[in-house]
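Residue-level listing of the chains:
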Amino acid sequence: MFYGILGLSIHVLFLYSIFDIYFKSPIIHGMKSHSPPVSPARRLVLIVADGLRADKFFEVDSEGHSRSPFLRDIITSKGSWGVSHTRVPTESRPGHVALIAGFYEDVSAVAKGWKENPVEFDSVFNQSRFTWSWGSPDILPMFAKGAVGNHVFTHTYPAELEDFAAKDMAKLDTWVFDQFKEFLLQAKKNSTLMDMVNQDRVIFFLHLLGLDTNGHGHSPGSVEYLENIRTVDKGLKECVDLLSEYFGHDNKTSFIFTSDHGMTDWGSHGMGHPHETLTPIVAWGAGVRGPIGAGRDLYRDGLSEAWKLSIFRRTDVGQADVAPLISILLGISIPVNSIGVLPFEFLGTNARQQALAVETNIKQILEHYHLKVKLKKESTFSIFFRHFRDLTPERERELLEIFNILMNQNRYNDAIQVGIKLMQLALQGLTYYQRYDRFTLNCSILFGFLGWLSYVGILIIRDHTSILHKSLEVQSDKAQESGIGIQNLTIGLFSGAVTIIITFLLYVQNAPTMYYLYFLSPVLLWTLVAVNWNVYKEAKAYVDHHNYVLQLLGLGVLGIFGLELLVISFFRRWMLSLGLVAIAFWPLGTSLKDTDKLLTLTWIGSTLLMAVFPLLPVVGREANYNMVPEVGIAINTSHRKGESNQNALITAAQVVLLIIGSFTIRSTAASIENKEGLPLLNQLVAWIILVILPTLPVFGSPYVLTRLLNVAASLVGTYLLLCVSHEGLFGLCLCILMFLWLCVEHRLSHLHYHLQDVIFLGSISSQQRKSPVQSLTLQDFRRAYFFVFFIFTAFFGTGNIASVNSFEPASVYCFLTVFNPFVMGFLLLIKIMIPFLIVSCAFRGILVTLKIPNKALFLLVLLMSDFMGLHFFFMVTDTGSWLDIGTSISHYVIVMTTTIFVMILNSVASFLTRTTWKLRPPQLKRHLP
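Since this is a predicted model, take the numbers as computed values, not measurements. (Residues numbered from 1 in each chain as written. Predicted model: local features only at pLDDT ≥ 70, side-chain atom pairs only at ≥ 80, totals over all residues. Heavy atoms only, no water.)

### A word on the overall build of the protein
Then, number 1: Per the secondary structure count, the protein includes 35 helices and eight strands.
Then, number 2: Considering the protein as a whole, with its 929 residues, one finds that 57% of them fall into the buried category.
Then, number 3: Long-range contacts, defined here as pairs at least 24 residues apart, represent 79% of the contacts in the protein between residues at least 6 apart.
Then, number 4: Carbon and sulfur atoms form 62% of the exposed surface of the protein, whose accessible area is close to 38900 Å². (Helix = DSSP H or I, 4+ residues; strand = E, 2+ residues; numbered from the N terminus. Buried < 20%, exposed > 50% of the residue type's maximum accessible area, 1.4 Å probe, protein only. Contact = heavy atoms within 4.5 Å. Areas by Shrake-Rupley, 256 points an atom, 1.4 Å probe, with all protein chains shown as cover.)

Written as structure tokens, this is what we have:
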């Protein structure tokens, strides 16, 4: 129990550490706000088309016609345009926070919820006099909650309208446009509302979710998505005309049209592909520069030419730069947490006003920078504190003096350039202090990893090999106990002193609570290693005595090669196929090729078939459920003679539920394809099957083969409800391969009892009882590697490597189509876990059959997966392209969560295989526990 709790805690700690090391929240409190001296506009309209890709918006057809003629005309005759670059995670919440608050939330923010703020932060809505917003109930409330006073008003449609299977998803956008028009009509009739609307520093926020919903439901290349762009353009033109008419064409309204994130070709987002990170931005109206000839494409990416806009100057921005642009146009304070740099090229004011706007941005960012330096100084010993070398106090004063001199000399353009340089250095300084503790934290986690790996090695050698039993027999018990006692006392005193010193240093520096865990966990682990260090000494003596050094080195090189193959497969999926091919022909080097040729050929064929799946496309939308009833029947037709009728009843129930489930899938797919929505009956049936089918195996037979067949039928049946493409066939092939793996291992072990006699219960059959529990052998290392390999094959066989956007939302359409991120996430998690569980149950069957201690093989699995985890820990980065950043995060998270899930699923597999509940009266005879 101690080892299990310690292992789970250590892995959760290691997993969480990267968010403290690389992606800490940038929010700090205590800064003063800074407002610009002038305001070109009295009001601003912010339009965010959720999920709009830049290419789909800007591109034209072969005849030069745009899908958004109104906004295209704005670009060419009235306003400025460019590409807004988002950051990982490309989700709605972080995207809107960047646009409206001016900073990028840490990556973990995607899991903190959509509707409310776990941490209060400032925003342009908060700084405005009044803000009216219309749109999704998942976005608007989070900005209203943190606003000071009662001046942010939200109008949302019912959540039920966010239906991916709806006939017309563009109605989400038309609802917003209709509500905005109705609002303006009410303002004409209501004098109080009219007085509020006619004041300055007013923001109207239109959140348009139709494109995102259509993209998820049909893909960004679909007719529905492209037509939705036309709907947005048409509705926006009507609202702009009506608003201009309401204010008497006073030319005091600014408009900004943009998006929070893009979308992949298959309709998902979350990672860093350019299709997800490139979004459009178009600005026009009061204070905004009109179109200017570009001369040439300064960005050299070919996008302007592809979109037929190369003759108009393009101004790209970071997503967080939109917040200071809004603030300057409206004359409100820049949000205090903003790290956006004003894109002054968008401003249509004179050079002096632009320079003054940049000066406001400088003051705001320097305020942020100074507080960050102060907080870091307070938490660091003065003798160890290191200033950011590129912006020392002296360098900052020098740049400010140059800026003021240029302003006094009316050299505003030069002053702007100096100001931009100063802000860039300050932002680099913020990044520097954000990463200030990175090196020491990395070292601590490294020592923790190495300590854990060393301790797992000790547990394997000490508890599950015969090395110590042979080497310790010659020693005197009293001498051994005396020496160990003194050694342990010394180790305890030393580790206690180190713990006190580390705790004192962290306390006086006001370190966060998690830092105590990061720095003290290696002390605990290495103390456990030091106490048991004699295990390694005895193991070395054993290896030297038997001249096993060369063999051990050879096996070590082979093991590292195999694990590196898995590491490379994270980047190249086809490497999994290469590994499966090698595993397919592995029996040819064993005695199995002579003793059971049929099993050998079947194993080779099944494994080669599995090798095909990593070569197939990542995501497919064409479903094929024709084999579902036959698959269910085929899995369940194996019935052991002589068993009670209870298992036959369970088998029949599984077949019936699988057939009902297959028809439910077909019916649901047809209904959604016809845009008739999700039938209520289908939804109820899917949820009932999800609850009942996975529980049926516990009522079945305790014999290994029959129980695993029942488990496979239940898990595959549930898995099929979450499939949209060839992953259903993948699940079936995985089950077949796992059964064959069990049979192969049984045959290779030359056991004297038959496989069909093995049971999962605590009591065993008379033939199985004769075989003693074994210590670990070299074959067990190979079995552990196979398990790790099959676990990652189960995850990556049909999915994108290390990408949260690889999981098709259509997978959950049998259960719900209305947007609910937590329920959908739960169902997708079940889909991911089912292949894991299939492999785990088969592995447990092997352990029971071969009488291998469960803990022993599990420790070997931990040793291998943690080696990969350490590998990926040092590959995590927050620099480079956003695709690289997102991928590096996903790699590490996948390896560590897989290890954690394997720990948990081991218990679930034990429940599914060991537990047997009887349907008959309790007085009847049954197996004793």
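### So, the sheet that holds strand S1 (residues 43–49)
Note on sheets: strands pair through backbone hydrogen bonds, and any given pair is parallel or antiparallel.
Then, number 1: With mixed pairing, the eight strands of this open sheet are ordered in space as S4-S3-S5-S1-S6-S7-S2-S8. The open sheet has two edge strands, strand S4 (152–156) and strand S8 (317–318), and neither has a second partner.
Then, number 2: Those strands touched by helix H7 (residues 171–189) are strand S3 (130–135), S4 and strand S5 (202–208), and its axis lies near 155° from that of S5. (Pairing = 2+ DSSP bridges. Axes fitted to C-alpha atoms, helices over the stretch in contact; angles between N-to-C directions.)

### Considerations on the pairing of S5
Then, number 1: Counted residue by residue, S5 has seven buried out of seven residues, so it is predominantly covered.
Then, number 2: In S5, alternate side chains face the same way, and those of Val202, Phe204, Leu206 and Leu208 on one face and Ile203, Phe205 and His207 on the other are all buried.
Then, number 3: Across seven bridges, the pairing between S1 and S5 is parallel. Bridge pairing in S5 links Ala49 to Leu208.
Then, number 4: Here S3 pairs with S5 via five bridges, running parallel. In the sheet register, Ser133 faces S5, and the bridge partner there is Phe205.

### Observations concerning the pattern of salt bridges
Pairing between side chains of opposite charge can happen when the charged atoms of each approach one another.
Then, number 1: One pass over the full model with this rule turns up 24 salt bridges.
Then, number 2: Between Glu394 and Arg397 there is a salt bridge, with the nearest N and O atoms lying 4.0 Å from each other. Taken together, the residues Glu394 and Arg397, both in helix H15 (residues 393–408) and three residues apart, mark about one turn of the helix.
Then, number 3: Among the salt bridges present, the one from Glu727 reaches Lys831, with a minimum N-O distance of 2.8 Å. Linking Glu727 in helix H30 (residues 727–748) with Lys831 in helix H33 (residues 821–850), this pair joins segments that are 104 residues apart in sequence. With respect to class, Glu727 is no different from Lys831; both count as buried.
Then, number 4: Through salt bridges with shared partners, a single ionic network connects Glu745, Asp780, Arg782 and Arg783. (Salt bridge = Lys/Arg side-chain N within 4 Å of Asp/Glu carboxyl O.)

### Some points on helix H10 (residues 223–246)
Then, number 1: Spanning 24 residues, H10 covers 35 Å between terminal C-alpha atoms, matching the ideal 34 Å at 1.5 Å per step.
Then, number 2: Tyr225, Leu226, Asn228, Ile229, Val232, Asp233, Gly235, Leu236, Cys239, Val240, Leu243 and Tyr246 are the residues of H10 that are buried.
Then, number 3: Trailing H10 by a residue or two, Gly248 shows a phi angle of about 65°, which is positive. (Expected span 1.5 Å × (residues − 1).)

### Some words on the confidence of the model for the protein
Then, number 1: A residue-level look at the protein finds 87% of positions with pLDDT of 70 or above and a mean pLDDT of 85.
Then, number 2: Ignoring residues within four places in sequence, the model shows residues 472–476, a span with pLDDT below 50, making four contacts including any to other chains.
Then, number 3: Note that pLDDT drops below 50 for residues 762–771; the model gives that stretch 21 contacts with residues more than four away or on any other chain. (pLDDT = per-residue confidence, 0-100.)

### Notes on helix H1 (residues 2–21)
Then, number 1: Between its terminal C-alpha atoms H1 stretches 28 Å, which fits the 28 Å expected from 20 residues at 1.5 Å a residue.
Then, number 2: Within the sequence span of H1, burial applies to Leu6, Gly7, Ile10, His11, Leu13, Phe14, Leu15, Ser17, Ile18, Phe19, Asp20 and Ile21.

### Observations concerning the layout of surface pockets
Then, number 1: There is about 2000 Å³ of room inside the largest pocket.
Then, number 2: Lining the largest pocket are 47 residues, with Leu552, Leu555, Gly556, Leu778 and Phe781 sitting closest to its centre.
Then, number 3: For the lining of the largest pocket, the secondary-structure elements that each account for two or more residues are helix H17 (438–464), helix H21 (533–545), helix H22 (549–569), helix H23 (574–584), helix H32 (778–796) and helix H34 (854–873).
Then, number 4: Counting residues per element, the lining of the largest pocket draws most heavily on H22, at 13 residues.
Then, number 5: By residue class, the composition of the lining of the largest pocket is 33 nonpolar, 13 polar and one charged. (1 Å grid on protein atoms, 1.4 Å probe; cavity = no way out; pocket = protein on both sides within 12 Å on 5 of 7 lines; lining within 4 Å. Points joined across faces, edges and corners; volume = space filled by probe spheres on them. Nonpolar A, V, L, I, M, F, W, Y, C, P; charged D, E, K, R; others polar.)

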